[in-house]
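In case you want the letters, here they are:
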Amino acid sequence: MNSVCNNVLLEHYRSSSKENAMEDEESANVPDPSLDVVAILSHKEMEQRVRQVLEELSERDRRLLREIFLEERNKDAVCRDFGVDRDYLRVLLHRAKQAFKAVYLKNMPAGMKGTAAD
């Protein structure tokens, strides 16, 4: 009796996982209605602006920001690469973010400078 129940439960779990997989495949083919063209274009524009600002930073600041925020590397590994301890990495990261902010605000269109968040 016990093995019959186990087999029935096992079959139930298999069939439900197959149904979920088929539903996931069907939903993957349907475009997300929450994404609209304006949002996509805005995202691409922001991405381009960030890349431009990164290119204007010093090599050290650019590399540090990429490794920490874009590549999401472990901070201990970044410390080893830069030859610093975690406390000084925090200082370097703060300076790099300040430099990024300064270049970003400098390159921002005049009409948008009043709406920028600090």
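Rules and cut-offs
- Residues numbered from 1 in each chain as written.
- Predicted model: local features only at pLDDT ≥ 70, side-chain atom pairs only at ≥ 80, totals over all residues.
- Heavy atoms only, no water.
- Phe/Tyr/Trp six-rings, centres within 6.5 Å; stacked < 30°, edge-to-face > 60°.
- Helix = DSSP H or I, 4+ residues; strand = E, 2+ residues; numbered from the N terminus.
- Axes fitted to C-alpha atoms, helices over the stretch in contact; angles between N-to-C directions.
- Parallel < 35°, antiparallel > 145°, perpendicular 65-115°, else oblique.
- Left-handed = near helix turned anticlockwise from the far one by under 90°.
- Contact = heavy atoms within 4.5 Å.
- Nonpolar A, V, L, I, M, F, W, Y, C, P; charged D, E, K, R; others polar.

Chemist: Lay out the packing of aromatic side chains in plain terms, naming residues and giving numbers.
Modeler: Evaluated as defined, the whole model comprises 1 aromatic pair. Ring centres of Phe100 and Tyr104 lie 6.2 Å apart, and the angle between their planes is 10 degrees; on these two criteria the pair is classed as stacked. Here Phe100 pairs with Tyr104, and both are found in helix α5 (residues 86–107), just 4 residues apart, close to one helical turn.

Chemist: Can you lay out the packing of helix α2 (residues 37–56) against α5 for me, pointing to particular residues and giving the numbers?
Modeler: Running from N to C, α2 and α5 point in directions that differ by 120 degrees, and their axes come no closer than 9 Å. Regarding the angle of α2 to α5, the classification is oblique. At the point where α2 passes α5, the crossing takes the right-handed sense. Only Phe100, Val103, Tyr104, Lys106 and Asn107 of α5 make contact with α2, whose side of the interface consists of Met46, Arg49, Val50, Val53, Leu54 and Glu56. In the contact of α2 with α5, the residues fall into 7 nonpolar, 1 polar and 3 charged.

All we've got here are geometric facts, nothing functional implied.
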